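Structural features, examined
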Amino acid sequence: MYVSARSDYALRAMLAVAAEAGGGDGGGDGGGELVKAASLAEVQDIPLSFLQGILLDLRRAGLLHSHRGAEGGYALTRPPDEITVGDVLRAVGGSLTTVRGLPAERAGYHGVAAGLTDVWLAVHGAIATVVDSTTLANLLTRDPTDHAPTTS
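Presented here is a report on the structure given in the accompanying data block. (Residues numbered from 1 in each chain as written. Predicted model: local features only at pLDDT ≥ 70, side-chain atom pairs only at ≥ 80, totals over all residues. Heavy atoms only, no water.)

Along the protein, the regular secondary structure elements total 6 helices and 4 strands. Relative to its full complement of 152 residues, the protein shows a buried share of 36%. Long-range pairs, those at least 24 residues apart, make up 62% of the contacts in the protein with a sequence separation of at least 6. Accessible area of the protein: about 8,200 Å², with a carbon and sulfur share of 54%. (Helix = DSSP H or I, 4+ residues; strand = E, 2+ residues; numbered from the N terminus. Buried < 20%, exposed > 50% of the residue type's maximum accessible area, 1.4 Å probe, protein only. Contact = heavy atoms within 4.5 Å. Areas by Shrake-Rupley, 256 points an atom, 1.4 Å probe, with all protein chains shown as cover.)

And the structure:
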């Protein structure tokens, strides 16, 4: 798995929006305070022009909704405990695991290398297990001094 800047920025932005939605308690519909793109860019140190494309992808994927106007901004479409890291990664990057730029399930081999497909599919499955079981709420409520991976 390669974590691109786009994927990292998307997760950081979603966590910042989720924090405005009331933290990791999972309450409500994900609404909360609206967060402006410029504020997200500044607080998370993300180039605004790059972030705007990411926010568009997250909105198209149904993870964020936006409101226009002076009081506008972005909010989650669901509570933080219903949005996984996997949801965000797929929204901005497509497949979780790639082999030579193709999704792992499309990597084809012949002869002695034929078993590699099974390895890449197992790697993909392990990654999916972690990212699909880790929610934004899990990350928001995590002890910042605990550096152990979250897999609950």
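The description of an aromatic ring pair uses the distance of the two centres, along with the angle that the planes make with each other. Counted by the stated rule, this structure contains 1 aromatic pair. The interplanar angle of 80 degrees and the centroid separation of 5.5 Å between the aromatic rings of Y9 and F50 together place this pair among those described as edge-to-face. Here F50 lies in helix α3 (residues 48–60) and Y9 lies in helix α1 (residues 5–20), a separation of 41 residues in the sequence. You can call F50 partly exposed: its relative accessible area is 31%. (Phe/Tyr/Trp six-rings, centres within 6.5 Å; stacked < 30°, edge-to-face > 60°.)

Another aspect to go through is unusual backbone geometry. Look at D45: it is not a glycine, yet its phi comes out positive at around 55 degrees. Along the polypeptide, D45 turns up in the loop between α2 (37–44) and α3. Although it is not a glycine, R100 sits at a positive phi angle of roughly 55 degrees. With respect to the helices and strands, the residue R100 is situated in the loop between β3 (98–99) and β4 (102–103). Judged by relative accessible area, R100 falls into the exposed class, the value being 60%.

Quick look at the nonpolar core now. Ranked by size, the top nonpolar core spans 33 residues in total, and within it M14, L40, L55, L58, L64, L76 and V88 carry the most contacts. Elements represented by at least two residues in this core include exactly α1, α2, α3, β2 (73–76), α4 (85–93) and α5 (116–132). Counting residues per element, this core draws most heavily on α1, which supplies 8 residues. Once you skip the residues sitting within four places of it in the chain, M14 turns out to touch L58, L63, L64, L76, I83, V88 and L136. (Core = buried A, V, L, I, M, F, W, Y, C linked by side-chain atoms within 4.5 Å.)

With respect to the helices, strands and loops of the structure, H124 is situated in helix α5. Expressed as a C-alpha distance, the spacing of H124 and T98, which sit 26 residues apart in the sequence, is 8.5 Å. Aside from chain neighbours lying at most four places away, what touches H124 is S95, L96, T97 and A104.

In this section: the pairing of strand β1 (residues 64–67). The pairing of β1 with β2 spans 4 bridges and is antiparallel. Note that in β2 the partner of H67 across the bridge is G73. In this structure, the hairpin formed by β1 and β2 is closed by a connection of 5 residues, where G69 is found at a positive phi of approximately 105 degrees. (Pairing = 2+ DSSP bridges.)

So, about α4. When α4 is considered as a whole, its buried residues turn out to be V85, G86, V88, L89, A91 and V92. Looking at the buried positions of α4, the neighbouring elements they touch are α1, α3, α5 and α6 (136–141). Looking one or two places after α4, you find G94, whose phi comes out positive at around 80 degrees.

This next bit is on the pattern of salt bridges. In the structure shown here, the tally under the stated rule is 4 salt bridges. Close ionic contact of D87 with R78 constitutes a salt bridge, the shortest N to O distance being 3.2 Å. Taking relative accessible area as the criterion, D87 reaches 26% and is therefore assigned partly exposed. A salt bridge links R90 to D132; its shortest N-O distance comes to 2.7 Å. Placement of R90 in helix α4 and of D132 in helix α5 is noted, with a sequence separation of 42 residues between them. Among the residues examined, D132 registers a relative accessible area of 34% and is labelled partly exposed. (Salt bridge = Lys/Arg side-chain N within 4 Å of Asp/Glu carboxyl O.)

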